[in-house]
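Results of the structural survey
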Amino acid sequence: MVKQPFSLKFPPLLSLSSYPSVQSQNLDVRSGSLHAISDVHKIVCSSSWRLLCSKSSNITEPKEGHEVRAQVTVRRKKLAVFVSGGGSNFRSIHDASKRGSLHGDVTVLVTNKSECGGAEYARNNGIPVILFPKAKDEPKGLSPSDLVDTLRKFEVDFVLLAGYLKLIPVELIRAYERSIFNIHPSLLPAFGGKGYYGMKVHKAVIASGARFSGPTIHFVDEHYDTGRILAQRVVPVLAHDTAEELAARVLNEEHQLYVEVVEALCEDRVVWREDGVPLIQSRENPNDFR
Ligand SMILES: Nc1nc2c(c(=O)[nH]1)N[C@@H](CN(C=O)c1ccc(C(=O)N[C@@H](CCC(=O)O)C(=O)O)cc1)CN2
Ligand SMILES: NCC(=O)N[C@@H]1O[C@H](COP(=O)([O-])[O-])[C@@H](O)[C@H]1O
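Residues numbered from 1 in each chain as written. Chains lettered and ligands numbered in written order. Predicted model: local features only at pLDDT ≥ 70, side-chain atom pairs only at ≥ 80, totals over all residues. Heavy atoms only, no water.

1. Looking at the sheet that holds strand 10 (residues 158–161)
Heads up, the rule is: Only strands joined by at least two bridges in the DSSP assignment are considered to pair. Numbered from the N terminus, helices here are DSSP runs of H or I no shorter than four residues, and strands are runs of E no shorter than two. The angle between two axes is taken between their N-to-C directions and runs from 0 to 180 degrees, where each axis is a line fitted to C-alpha atoms and a helix contributes only its stretch in contact. Contacts are residue-level and defined by heavy atoms, with any inter-residue pair within 4.5 Å sufficient.
Across the sheet, which stays open at both edges, the seven strands sit in the order 9-8-7-10-11-13-14 with mixed pairing between neighbours. Taken across any chain shown, the strands that pair with only one partner, and hence form the sheet edges, are strand 9 (129–131) and strand 14 (229–232). Ignoring strand direction, the axes of neighbouring strands in this sheet form an average angle of 25°. Pairing analysis gives three bridges linking strand 10 to strand 11 (residues 180–184), with the strands arranged parallel. Its bridge partner lying in strand 11, Leu160 is registered against Phe181. Across the face of the sheet, helix 2 (residues 117–124) comes into contact with strand 7 (77–83), strand 8 (104–111) and strand 9 while running at roughly 135° to strand 8.

Set out below in structure tokens:
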């Protein structure tokens, strides 16, 4: 679950102890010197930040103008990805996990199309595949509460929808509060909702005369595409674009954007502004949010 590590009041207070997955005993900080701790993520704190740490740590207040670098161990996250088609976003996320840029692992794939490209890729990479919901003509399948129980057994932290075309049931929404995300191929709230998926989205964008489009990543709530927007990228819609050309341009940005967002999720860098808007804290500069 995306916790509220701190509310964004300036000067922002970074309370490590509010990071649920932080083991403060791994905190070993001296101004200017860092000790390598496996799976370490550095939080650079300039003097404008006050680092409130758990009692057991021995952080000293930064001298004026000094940087304090805190190293904390963030627990590696477990990811469930939901697909219905080719799974190129799923593969991008899995690639980032394998190359080490993403502090998490895809531990299970969920699909309503057991023979789709994403499911085949998962089976070829040793990732368990779960069918949900079953097709009407299939004998038995998981109920929504069975699905929740199964994801709990896999100790899933975040649920990532990537081209999944069925409505996520409210049981899962409630069980994974603020922990289910979706990527949509338009600049929501435009061109979203029931009936807007795949090429239908790009055809509607072109027909509308819109000059820009791009992917949106948002929190998932009970309705299609109405959850809080977390990240977007913009691409031009060219005068003579076909839907396929626009789709390819948007998809290229999707692959990069989803990896960036999931990296932030796995490093506990998603925070909530006081008005309820979620923000992503920059990995390089903790004073930078977008
Ligand atoms: N509870 C939620 N479930 C899902 C969401 C969501 O935001 N909340 N996002 C969708 C993904 N999506 C857009 O990003 C989307 C997918 C499918 C549809 C749609 O109209 N589906 C058709 C059925 C299509 C099919 O079975 O082939 C329909 O429901 O009639 C709209 C938007 C994933 N789930
Ligand atoms: N409304 C949902 C929707 O249209 N999702 C879109 O399906 C495609 C899946 O591609 P992929 O299977 O190659 O990741 C992606 O373009 C994604 O934005």
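Following the structure, the description resumes.
2. With respect to the pattern of salt bridges
For clarity, the threshold we go by: Salt-bridge detection follows one rule: a side-chain nitrogen of Lys or Arg within 4 Å of a carboxyl oxygen of Asp or Glu. Burial here depends on accessible area, computed with a 1.4 Å probe over protein chains only, as a share of the maximum for the residue type. Under 20% is buried, over 50% is exposed, and the range in between is partly exposed.
In this structure the tally under the stated criterion is 15 salt bridges. A salt bridge links Glu267 to Arg269, with the nearest nitrogen and oxygen atoms 2.8 Å apart. Residues Glu267 and Arg269 agree in their burial class; the two are buried. Between Glu267 and Arg283 there is a salt bridge; the shortest N-O distance is 2.4 Å.

3. With respect to the nonpolar core
Rule in force here: Residues belong to one nonpolar core when they are buried, are Ala, Val, Leu, Ile, Met, Phe, Trp, Tyr or Cys, and are joined through side-chain atoms within 4.5 Å.
Of all hydrophobic cores here, the largest spans 34 residues; its most connected members are Leu79, Phe90, Leu160 and Tyr258. Look past the residues within four positions of Phe90 in its chain and what remains in contact with it is Val81, Val83, Val106, Leu109, Gly118, Tyr121, Ala122, Ile127 and Ala162. The next biggest cluster of nonpolar side chains, apart from the first, holds 19 residues, and it includes Ala80, Leu147, Ile168 and Tyr176.

4. Observations concerning the site of ligand 1
The condition that has to hold: Each residue is tested against the molecule or strand, and it is near if at least one of its non-hydrogen atoms lies within 4 Å. Calculation of accessible area relied on Shrake-Rupley with a 1.4 Å probe; when residues are assessed, cover is drawn exclusively from the protein chains displayed. With a 1 Å grid spanning the protein atoms alone, the term cavity applies to any set of points in which a 1.4 Å probe fits but cannot get out, the term pocket to an open set with protein on both sides within 12 Å along at least five of seven lines, and the term lining residue to any residue with an atom within 4 Å of a point. To decide whether a molecule occupies a pocket or cavity, check its atoms: if more than half lie within 2 Å of the grid points, it is inside.
Near ligand 1, the surroundings consist of 21 residues, among which Lys166, Asn182, Gly195, Asp221 and Tyr224 are the closest. When ligand 1 is considered free in solution it has 710 Å² of accessible area, and contact with the protein chains removes 85% of it. In this structure the site holding ligand 1 corresponds to the largest pocket.

5. Overview of the site of ligand 2
Just so we agree on the cut-off: Throughout this description, a polar contact denotes any pair of N or O atoms lying within 3.5 Å of each other; where both atoms belong to protein, one of them has to be capable of donating a hydrogen while the other can accept it, and for residues adjacent in sequence the pair is counted only when both atoms sit in side chains.
Gly87, Ser88, Asn89, Gly198 and Glu254 are the nearest of the 13 residues found near ligand 2. Gly87 places a polar main-chain atom, nitrogen or oxygen, 2.8 Å from an oxygen atom of ligand 2. Within the side chain of Ser88, a nitrogen or oxygen atom sits 2.5 Å from an oxygen atom of ligand 2. Out of a free accessible area of 450 Å², ligand 2 has 85% covered by protein chains.

6. Structural notes on the packing of helix 1 (residues 88–99) against helix 6 (residues 243–266)
A pair of packed helices is captured by two measures, namely the crossing angle of their axes and the spacing between those axes. Rule in force here: Should an angle lie under 35 degrees it is considered roughly parallel, over 145 roughly antiparallel, and from 65 to 115 roughly perpendicular; all remaining angles are considered oblique. The crossing is said to be left-handed when, going from far helix to near helix, the turn is anticlockwise and less than a right angle, and right-handed when the turn is clockwise.
At a closest axis distance of 9 Å, the pairing of helix 1 and helix 6 adopts a crossing angle of 45°. Judged on the interaxial angle alone, helix 6 and helix 1 are oblique. Seen from above, helix 1 lies across helix 6 with right-handed handedness. Seen from helix 1, the contacting residues are Ser88, Asn89, Ser92, Ile93, Ala96 and Arg99; seen from helix 6, they are Leu251, Glu254, His255, Tyr258, Val259 and Val262.

7. Some words on the pairing of strand 10
To be explicit about the condition: Seen with the strands pointing away from the viewer, any crossover whose path from the first strand over the helix to the second strand runs clockwise is right-handed.
Judged by which residues are buried, strand 10 turns out to be covered on both faces: Phe158 and Leu160 on one side and Val159 and Leu161 on the other are all buried. Here strand 7 pairs with strand 10 via four bridges, running parallel. Within strand 10, the position partnered with Leu79 by the bridge is Phe158. Considered for its hand, the β-α-β crossover made up of strand 10, helix 4 (residues 170–175) and strand 11 is right-handed.

8. Considering the UniProt feature "domain: Formyl transferase N-terminal" (unreviewed entry) in the chain
Condition: UniProt positions are given in the numbering used here, feature names are shortened, and annotations may be inferred rather than shown by experiment.
Under the UniProt annotation, "domain: Formyl transferase N-terminal" (unreviewed entry) lies at residues 77–262. For residues 77–262, the helix share is 35%, the strand share is 21%, and the end-to-end C-alpha distance is 10 Å.

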